[in-house]
Amino acid sequence: MKKTITIILILLNLIVLLGQIWPEGAPPFARTVNIIFLIGCLMFLVFSLQKDKSKTK
């Protein structure tokens, strides 16, 4: 599951990066992808931190 989420986040990251490097070539849905990517990364990191804290207890 963690591997699948990581692959999805990497693909979204590539789309966001493409939009930053070549704005004219960005797809029309780039803004939505950017927002989804940022929210996804935030959730992934928060859950990862919570799991790490629970392992140390």
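Here we summarise the structure given alongside this text. Predicted model only: the values in this text are computed from it and were never measured.

### Observations concerning the layout of surface pockets
Using a probe with the size of a water molecule, rolled over the atoms, empty space left in the structure can be pinpointed. Reported here for the largest pocket is a volume of approximately 300 Å³. Listed by contribution, the elements that provide at least two residues to the lining of the largest pocket are α1 (2-21) and α2 (30-56). The biggest single contributor to the lining of the largest pocket is α2, with eight residues. Per-class residue counts for the lining of the largest pocket are five nonpolar, two polar and four charged.

### Structural notes on α1
Under the 1.5 Å per step criterion, the end-to-end length of α1 is 28 Å for 20 residues, consistent within 8% with the ideal 28 Å. When α1 is considered as a whole, its buried residues turn out to be L9, L12, V16 and G19. Down the axis of α1, the smallest arc covering the buried residues is 70°, so these residues share one side. With respect to the buried face of α1, the exposed residues turned more than 90 degrees away are K3, L11 and I21.

### Remarks on the environment of T32
Among the structural elements, T32 can be located in helix α2. Residue classification places T32 among the partly exposed residues on the basis of a relative accessible area of 47%. A sequence separation of 16 residues divides T32 from V16, and the C-alpha atoms of the two residues are 9.9 Å apart.

The rules behind these values
- Residues numbered from 1 in each chain as written.
- Predicted model: local features only at pLDDT ≥ 70, side-chain atom pairs only at ≥ 80, totals over all residues.
- Heavy atoms only, no water.
- 1 Å grid on protein atoms, 1.4 Å probe; cavity = no way out; pocket = protein on both sides within 12 Å on 5 of 7 lines; lining within 4 Å.
- Points joined across faces, edges and corners; volume = space filled by probe spheres on them.
- Helix = DSSP H or I, 4+ residues; strand = E, 2+ residues; numbered from the N terminus.
- Nonpolar A, V, L, I, M, F, W, Y, C, P; charged D, E, K, R; others polar.
- Expected span 1.5 Å × (residues − 1).
- Buried < 20%, exposed > 50% of the residue type's maximum accessible area, 1.4 Å probe, protein only.
- Arc of directions from axis to C-beta.

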